[in-house]
Structures are given as C-alpha cells and as structure tokens.
Amino acid sequence: MARPTILVTGLHGMVGSHFEVAYGEQFELVPMDISHGVDVTDAAQVESIVGGHAQAVALIHLAAFTDVSAASKQEGDESGSCYRLNVGGTENVARSAARHGIHLVHVSTDFVFDGEKTSAYSEADEPNPIEWYGRTKYAAEQIVGRSDGSATILRTAFPYFSGQGKRPDMVARLRQRFVGDSKVQLFEDQMVTPTFGADLVTALYLFATIRPEGEIFHVTGSTSLSPFELGLHVAETFGLDAGKIEATAMVDYLSIDPRPRQKSLRIDHAKYCAFARQHGVARPIGIEEGLCRVRDDSRD
C-alpha cells in the first residue's frame, strides 16, 4: 500500500530535517527545496510540483528567511530576499495548495508580536511586529488567512533539538559560547519561550493529518525565561562553567545595535495543549526537561 504524501518546503532545514527523521518512513515526503530544483519564490515551479502531487494529504510550509539581523538590513525592501521568500513564497505556496485542495500547514513565529505585553500572548492577541522579519511573517500569515484553501497556522518560538541538526539551534549555539575564555553575556531583561523540537515536530504531524481548518495555534515550550536564566540552565545541565555567564541589559545593548528587539515574548500555548490532549498527545515540555532530553540523547 502506498504511503500518503506530504509536500514540505524547507524539508532539509533545521525543523524539516527532524520531521523527516521522525516521519520519513510513515509518509512519502516530497521536498520543495532549492537543492531539489524548487524555488518557492517562482510560482511556476511551485505549481508544477504541487500540481504533480495533488493527492498529497498536506503541504507543510517551513521555508523562510529567518536571519533577523540580516532581515533588518532589508527593511522595507520588497525586492529583497527576506520579503520574496517569506511573503512571495508563501503566496505561491498558499495559492497552489488551495488550487489543488491540499491542506496547508503554515509555520510562523512569535516575532509577529511587539513584545510589550508583560503577560503571555495568546492566539487572540493582535500581532504588531516591530522589525522586518516579523512584518514579513505576519504578512505571510495574512496571505494564508485570506486564502480560499484549508490551512492551519502554527506559531512557534526558538526551537531546539536533540541530536545533530542541519545547523545549530539556540541551545547548541549557546553551548558553543562557553568554549574559550570569553564571558557569555546574556540579557536578563528579556523574556523568551524556547520550544523543544520534538514537540514542534509532533504538532506538525497532528496538523498535517487532522487538518484543523482556519485555526492558529501557538506551539511553544512550557517555560518562559530570560536568556540569562536559560544560560544558567544550560550550564547546569551540560556541566559548563556558569561563572562565565554575565548578566547584561537589552536596553543598554540597543545603544550599540539599534535593531528593534522584543522585550517580552511569553507565549500562551493553552489552546494547543487542549488540542494535543484531545488527540492523545502530551503537552509540550518545559526547559529543564527539554535540556535533559538533549543531554541524554547526545550520550546515546
């Protein structure tokens, strides 16, 4: 019996590669990547591959320009690579998925929020992005929302993974900073909500197979904390020198690098937790358990 097909943009990126490991035997995963001759900013190329797999159960749209600092240098430039990929690429993908009746799982970001709210952002909060990356991702969400097709929008934040990924995630990069004699300077006046990658991959599977239509879900970890606090957890979990960590202030750093930064990105994932529980899946884990999983998996 033939395996069901899922189309995936960015299949060989950080998140997509872990999805492939988890579900590559259960599904026929069709990559929509430059390395496979598919440029999602080219509408004809997108239509060709989507139309050729019209039997697909879902299209997971992971491909995005995610370098926030590089994106800021393209501020307002709709001909730049950030806008063309995040907005133009999404428009092409959403249009073709709708045309062929394929459910779209669109992956977005907590950066659609401005970071001014001290309590956690829920799906009911109005996005108000403050920098170019966030603006392009919110524009992409609006395109998906206006699409005639079936779609689910998944917002996530700072994913980190067990095992070797295609490129370092936030925890891997932080661990690398402990190498050498330099101080590890981390903001203590900013809040983030890291997401254990396996929980994100599970959510992608649920949305691709159950296909909740017209819904937005926040799929993040269960812990919000400052980068400084995250550094302390990383040092303790991996036996690193916590004495290297130096608390710094984001407000001071902005005088050196004025790129807009969100102060507080606490994310409420209660809606997704209820959805996951309804379908027999555990809620996303917190940072302590997630880091222990990364550590223990690296020993296997």
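Residues numbered from 1 in each chain as written. Predicted model: local features only at pLDDT ≥ 70, side-chain atom pairs only at ≥ 80, totals over all residues. Heavy atoms only, no water.

### As for the overall build of the chain
Within the chain, the regular secondary structure consists of 11 helices and 10 strands. In terms of C-alpha radius of gyration, the chain reaches 19 Å, essentially the compact-globule figure of 19 Å for 300 residues. For the chain, the C-alpha atoms occupy an extent of roughly 55 × 45 × 35 Å along the three principal directions. Expressed as a percentage of the 300 residues in the chain, the buried residues total 51%. When contacts within the chain are restricted to residue pairs at least 6 apart in sequence, those whose partners lie at least 24 apart make up 77%. Of the roughly 13500 Å² that the chain leaves accessible, carbon and sulfur atoms contribute 48%. If the 28 positive side-chain charges of the chain are averaged to one point and the 40 negative ones to another, these points end up 1 Å apart. (Helix = DSSP H or I, 4+ residues; strand = E, 2+ residues; numbered from the N terminus. Rg over C-alpha atoms; globule rule 2.2 N^0.38 Å. Buried < 20%, exposed > 50% of the residue type's maximum accessible area, 1.4 Å probe, protein only. Contact = heavy atoms within 4.5 Å. Areas by Shrake-Rupley, 256 points an atom, 1.4 Å probe, with all protein chains shown as cover. Lys, Arg positive; Asp, Glu negative; His and termini not counted. Charge placed at Lys NZ, Arg CZ, Asp CG, Glu CD.)

### Here's the deal with the nonpolar core
What tends to happen in soluble globular proteins is that the nonpolar side chains get buried as a cluster. With 28 residues, the main nonpolar core has I60, L204, F207 and Y272 as its most contacted residues. Elements with a contribution of two residues or more to this core: β1 (5–9), α1 (14–23), β3 (58–61), β4 (103–109), α7 (197–210) and α10 (270–278). Considering every element that reaches this core, the biggest residue donor is α7, with 7 residues. (Core = buried A, V, L, I, M, F, W, Y, C linked by side-chain atoms within 4.5 Å.)

### Details of the packing of aromatic side chains
Going through the model one piece at a time under the given rule, you end up with 15 aromatic pairs. With a centroid separation of 6.5 Å and 65 degrees between ring planes, the pair formed by Y23 and F27 is classed as edge-to-face. Using a relative accessible area of 13% as the deciding quantity, one classes Y23 as buried. Residue classification places F27 among the buried residues on the basis of a relative accessible area of 3%. One aromatic cluster is present, formed by F19, Y23, F27 and Y205 through successive ring pairs. We note R175 situated over the ring of F238; from NZ or CZ to the ring centre the distance is 3.9 Å. Stacked on the ring of F217, the Lys or Arg K271 has its end atom at 4.7 Å from the ring centre. (Phe/Tyr/Trp six-rings, centres within 6.5 Å; stacked < 30°, edge-to-face > 60°. Lys NZ or Arg CZ within 6 Å of the ring centre and 35° of its normal.)

### Some details on the packing of helix α4 (residues 81–99) against helix α5 (residues 132–146)
Contact geometry for α4 and α5: axes closest at 9 Å, N-to-C directions at 10 degrees. The angle between the axes of α4 and α5 places the two elements in the roughly parallel class. Residues C82, Y83, N86, V87, T90, E91 and A94 of α4 form the contact with α5, whose own contacting residues are W132, Y133, T136, K137, A139, A140, I143 and V144. Grouping the amino acids of the contact of α4 with α5 by side-chain chemistry returns 10 nonpolar, 3 polar and 2 charged. (Axes fitted to C-alpha atoms, helices over the stretch in contact; angles between N-to-C directions. Parallel < 35°, antiparallel > 145°, perpendicular 65-115°, else oblique. Nonpolar A, V, L, I, M, F, W, Y, C, P; charged D, E, K, R; others polar.)

### Examining α7
Here α7 is 14 residues long and its end C-alpha atoms lie 20 Å apart, about the 20 Å a rise of 1.5 Å per residue gives. Taken together, the buried positions of α7 are occupied by G197, D199, L200, V201, A203, L204, L206, F207 and A208. R211 occupies a position one or two residues after α7 and carries a positive phi of about 60 degrees. (Expected span 1.5 Å × (residues − 1).)

### Description of the pairing of β3
Taking every second residue as pointing to the same face, both faces of β3 are buried, with A58 and I60 on one and L59 and H61 on the other. Pairing geometry for β1 and β3, over 4 bridges, is parallel. Within the sheet, the bridge partner assigned to T9 lies in β3 and is H61. As paired elements, β3 and β4 share 4 bridges and run parallel to each other. When the bridges of β4 are listed, L59 appears paired with L104. (Pairing = 2+ DSSP bridges.)

### Thoughts on the packing of α7 against α10
Contact pair α7 / α10: the axes reach a minimum separation of 12 Å and the direction vectors enclose 65 degrees. Classified by the angle their axes make, α7 and α10 are roughly perpendicular. Handedness of the crossing formed by α7 with α10: left-handed. In this structure, α7 contributes D199, T202, A203, L206, F207 and I210 to the contact, and α10 contributes Y272, F275 and A276. (Left-handed = near helix turned anticlockwise from the far one by under 90°.)

### Some points on the environment of K73
Note on placement: K73 falls in the loop between α3 (68–72) and α4. According to the relative accessible area criterion, K73 is exposed, its value standing at 76%. Considered as a pair, K73 and R259 are 186 residues apart in the sequence and their alpha carbons are 9.2 Å apart.

Treat this as a map of the structure, not an account of what it does.
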